[in-house]
Amino acid sequence: MRSIVLEIRLFFICLAFLTRIPSPRWIGFKEEWLHNSIKYSPSVGLLLGTIQFFVFLLFQFLFGPTIAFTISLGFLLILTGAFHEDGFSDFCDGIGGGWKREDILRIMKDSRVGSFGAVGICVLVLLKVLGAYETLSFFQRKNLPIISNLTSDIHFTSIWLYFVSAHTLSRFLSVFVMKLLPYAKEEGYAKPMAKEITWPQILFASLWGVLPYLSLAYLHPNFFLSLVCIIPSYIYMLRLMKRLIQGFTGDCLGAVQQVVETCIWISGVFIWTFI
């Protein structure tokens, strides 16, 4: 019973760390819980993807897929406090504006948004919206209903998995960075969560992080082709971090999550539309 209560605590601690959703007061807090809660990051992604999906459904009846997706994206930015987007922006500023390791880390730590960060976040959001628009519009052009039977309609399930996979797989791969690279700074926001990452935590995170993606690929085998976009982008970012700062920071984790998520949004365009 105690172990179940502890796991519930870990989930809510991770939820509070990654979003603005408040935890119940009885959850409490201990620093060692924060170390162990990172395994629930993909689980939080499952919740966020589901919330975004239902916000999209609510507004797509009124405004169509483009505006509905943009509203759902804005709602999620409010819900998360643009946590990962901020990391991506800082990552762009650091990598784009720094020449040496010390300069890159110093720029990343600066809370102000520079030119590289502003341009990067604009392109990122634009790719998300346009990628999702082209994909979701495919169902409308083919007269495929998004909702008909909530328990059996494959198109409803496919779109839900499309939303969820973008958030779960990206968060799992972000967590996996912690096992592949050392932490690049002496102290930092992600340091408490990074120093205790273990293979059992990685395995647990992979169950929630990979299962929605595999389910979507089972329904639509062509979606495995999204790995052509995801894997090279992921490897490139790992090599970039290793070469320039010899490790990762919290901003790097946010950047990886955002890049992988965007890869999934845009993958639907050529997988469902052109293949």
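You'll find the structure just up there.
Residues numbered from 1 in each chain as written. Predicted model: local features only at pLDDT ≥ 70, side-chain atom pairs only at ≥ 80, totals over all residues. Heavy atoms only, no water.

Participant: Mind laying out the overall build of the protein chain, listing which residues take part and the relevant values?
Facilitator: Of regular secondary structure, the protein chain possesses 12 helices and 0 strands. From first element to last, N terminus to C terminus, the protein chain shows the α and β order α-α-α-α-α-α-α-α-α-α-α-α. Every one of the 275 residues in the protein chain was classed for burial, and the buried ones make up 51%. Across the protein chain, contacts joining residues at least 24 apart in sequence account for 74% of those joining residues at least 6 apart. For the protein chain, the accessible area works out to roughly 13400 Å², and carbon and sulfur atoms hold 68% of it. (Helix = DSSP H or I, 4+ residues; strand = E, 2+ residues; numbered from the N terminus. Buried < 20%, exposed > 50% of the residue type's maximum accessible area, 1.4 Å probe, protein only. Contact = heavy atoms within 4.5 Å. Areas by Shrake-Rupley, 256 points an atom, 1.4 Å probe, with all protein chains shown as cover.)

Participant: Help me get a handle on the packing of aromatic side chains, residues and values and all.
Facilitator: Scanning the model with the defined rule gives 19 aromatic pairs in all. Seen from their ring centres, Tyr-213 and Phe-223 are 5.8 Å apart, and the 55° between their planes marks the pair as tilted. Within this pair, whereas Tyr-213 is found in helix α10 (residues 199-219), its partner Phe-223 is found in the loop between α10 and α11 (227-245), the two being separated by 10 residues in sequence. On the basis of relative accessibility, which here comes to 3%, the residue Tyr-213 falls in the buried class. Counting every residue linked through ring pairs, the aromatic cluster contains Phe-53, Phe-54, Phe-56, Phe-69, Tyr-162, Phe-163, Tyr-213, Phe-223, Phe-224 and Trp-265. (Phe/Tyr/Trp six-rings, centres within 6.5 Å; stacked < 30°, edge-to-face > 60°.)

Participant: Can you tell me about the packing of helix α3 (residues 41-63) against helix α4 (residues 65-80), naming the residues and giving the values?
Facilitator: At a minimum axis distance of 8 Å, the contact between α3 and α4 shows a crossing angle of 145°. The hand of the α3/α4 crossing is right-handed. Between α3, through Leu-48, Ile-51, Gln-52, Val-55, Phe-56, Phe-59, Gln-60 and Phe-63, and α4, the contact on the second element is made entirely by Pro-65, Ile-67, Ala-68, Phe-69, Ile-71, Ser-72, Leu-73, Phe-75, Leu-76, Leu-79 and Thr-80. (Axes fitted to C-alpha atoms, helices over the stretch in contact; angles between N-to-C directions. Left-handed = near helix turned anticlockwise from the far one by under 90°.)

Participant: Describe in detail the packing of helix α5 (residues 83-97) against helix α6 (residues 101-109), supporting the description with residues and values.
Facilitator: Running from N to C, α5 and α6 cross one another at 150°; their axes reach a closest spacing of 8 Å. When the axis of α5 is compared with that of α6, the two are roughly antiparallel. Between α5 and α6 lies a crossing of right-handed hand. Residue-level contacts link Asp-90, Phe-91, Asp-93, Gly-94, Ile-95 and Gly-97 of α5 to Ile-104, Ile-107 and Met-108 of α6. Tallied by class, the residues present in the contact of α5 with α6 amount to 5 nonpolar, 2 polar and 2 charged. (Parallel < 35°, antiparallel > 145°, perpendicular 65-115°, else oblique. Nonpolar A, V, L, I, M, F, W, Y, C, P; charged D, E, K, R; others polar.)

Participant: Mind laying out the environment of Ser-23, listing which residues take part and the relevant values?
Facilitator: Along the polypeptide, Ser-23 turns up in the loop between α1 (2-18) and α2 (31-37). Beyond its immediate sequence surroundings of up to four residues, Ser-23 is in contact with Phe-12, Ile-13 and Ala-16. Reaching out from Ser-23, the side chain makes a polar contact with the backbone oxygen of Phe-12 at a distance of 3.0 Å. (Polar contact = N/O pair within 3.5 Å; in protein donor to acceptor, adjacent residues only side chain to side chain.)

Participant: Describe α3, listing the residues and the values that go with them.
Facilitator: Residues that lie three or four places apart on an α-helix share one face, since the helix turns once every 3.6 residues. The end-to-end C-alpha separation of α3 is 32 Å, in line with the 33 Å expected for 23 residues at 1.5 Å each. A positive backbone phi angle near 90° is found at Gly-64, which sits one or two residues after α3. (Expected span 1.5 Å × (residues − 1).)

Participant: Summarise the nonpolar core; cite the residues concerned and give the values.
Facilitator: Formed by 58 residues in total, the largest nonpolar core has its most connected members in Phe-69, Phe-163, Val-177, Met-241 and Phe-248. Ranked by residue count, the leading element in this core is helix α8 (residues 154-180), at 12 residues. Contacts of Val-177, omitting those with residues within four sequence positions, involve Tyr-234, Leu-238, Met-241, Phe-248, Leu-253 and Val-256. In this structure, Leu-10, Ile-27, Trp-33 and Leu-34 belong to the second largest nonpolar core, which totals 15 residues. (Core = buried A, V, L, I, M, F, W, Y, C linked by side-chain atoms within 4.5 Å.)

Participant: Let's hear about α10: which residues, and what values?
Facilitator: For α10, with 21 residues, the first-to-last C-alpha span of 30 Å sits near the 30 Å given by 1.5 Å per residue. The largest bend in α10 comes to about 35°, at Val-210, with the proline Pro-212 one to four residues further on. Turning to α10, its buried residues number three or more, namely Gln-201, Ile-202, Ala-205, Ser-206, Gly-209, Pro-212, Tyr-213, Leu-216 and Ala-217. (Bend = angle between axes of the 7 residues up to and from the residue.)

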